[in-house]
Amino acid sequence: MNIYEEVPVLESGRFLLRQVEDKDCGDLLRVYSDKNALPFFNSDNCDGDNFYYATRERMAEALGFWRLSYENGWFVRLAIVDKRASCVVGTIELCLRASEDAFDHMGILRIDVRSDYEREDLLYEAAALITPHIPGLLGCQGILTKVPIYAVERMKAMEKVGFSKSEHLLIGKSGYAYDGYWVMQ
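Reading the values: the criteria
- Residues numbered from 1 in each chain as written.
- Predicted model: local features only at pLDDT ≥ 70, side-chain atom pairs only at ≥ 80, totals over all residues.
- Heavy atoms only, no water.
- Salt bridge = Lys/Arg side-chain N within 4 Å of Asp/Glu carboxyl O.
- Helix = DSSP H or I, 4+ residues; strand = E, 2+ residues; numbered from the N terminus.
- Buried < 20%, exposed > 50% of the residue type's maximum accessible area, 1.4 Å probe, protein only.
- Phe/Tyr/Trp six-rings, centres within 6.5 Å; stacked < 30°, edge-to-face > 60°.
- Arc of directions from axis to C-beta.
- Contact = heavy atoms within 4.5 Å.

Student: I would appreciate a short explanation of the pattern of salt bridges in the present structure.
Tutor: When the charged atoms of two side chains lie near each other, side chains of opposite charge can form a pair. One pass over the full model with this rule turns up 18 salt bridges. Between E93 and R77 there is a salt bridge, with its nearest N and O atoms 2.9 Å apart. In this pair, E93 sits in strand β4 (residues 87-96) while R77 sits in strand β3 (residues 76-82), placing the two residues 16 residues apart along the sequence. Classification of E93 by relative accessible area gives buried; the value is 4%. Take R77: its relative accessible area is 3%, and that puts it in the buried class.

The following block contains the structure:
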């Protein structure tokens, strides 16, 4: 299945993953206006966007850009729906990396969650739900994700899923080298 032809709906005991929709704006505003969650968002190579959206208008603007990005095959955003709480608590972004560094033709996994979901068990459940599908959805050979050194809960979750810290830096469009990437081959 090509994710740009059909976005899967995936479900675990706690979470449902589906494509982000405009109706998610209010729930996602709670995620992207959470200053305690902001340090865990991966904004590397995102043209200066740090993913802090403090108003409903700015969140709606971001949703529009995410829709346009999907339509153009740049990336896709999936909503992480907590079935128990009946609300969207974060997003998963997927895209295929084309570069001249060690991460060429790898899938990028970004997981953004509210700060109260930045916990090993919840991050593990979300990551374990999507990672087996990424190679087929993106046509990639491996997956990379950012895990800052201070993100101890995320680090434990990603290790449990099967990621390991990479020794390589991710080289951005401007030539800037980003560290903190973990890979799953």
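So that's the structure; there's more coming.
Student: I tried to follow the packing of aromatic side chains on my own but got confused; where do I start?
Tutor: What characterises a pair of aromatic rings is the spacing of the ring centres plus the angle enclosed by the ring planes. Tallying each qualifying case throughout the model produces 10 aromatic pairs. Ring plane angle 65° and centroid distance 5.8 Å describe the contact between F40 and Y150, whose orientation is recorded as edge-to-face. Here the residue F40 occupies a position in the loop between α1 (25-32) and α2 (56-71), and Y150 occupies one in the loop between β6 (143-146) and α5 (152-161), the gap between them amounting to 110 residues. For F40, a relative accessible area of 18% corresponds to the buried category. Joined through ring pairs, the aromatic side chains of Y32, F41, F51, Y53 and W66 make up one cluster.

Student: Looking at this model, I keep getting lost on α5. Mind explaining?
Tutor: Helical geometry: 3.6 residues make up each α-helical turn, so side chains three or four residues apart lie on a common side. Of all the positions in α5, only R154, A157, M158 and V161 are classed as buried. Viewed along the axis of α5, the buried residues span an arc of 95°, placing them on a single side of the element. Considering only its buried residues, α5 is in contact with β5 (107-113), α3 (120-130), β6 and β10 (181-184). One or two positions beyond α5, positive phi appears at G162, with a value near 125°.

Student: Help me out: how do you make sense of unusual backbone geometry in this one?
Tutor: Working note: non-glycine residues mostly have negative phi, and peptide bonds are mostly trans. The backbone of F51 sits at a positive phi, close to 65°, despite the residue not being glycine. Along the polypeptide, F51 turns up in the loop between α1 and α2. Even without being a glycine, H105 presents a positive backbone phi close to 60°. Here H105 is to be found in the loop between β4 and β5. With a relative accessible area of 36%, H105 lands in the partly exposed category.

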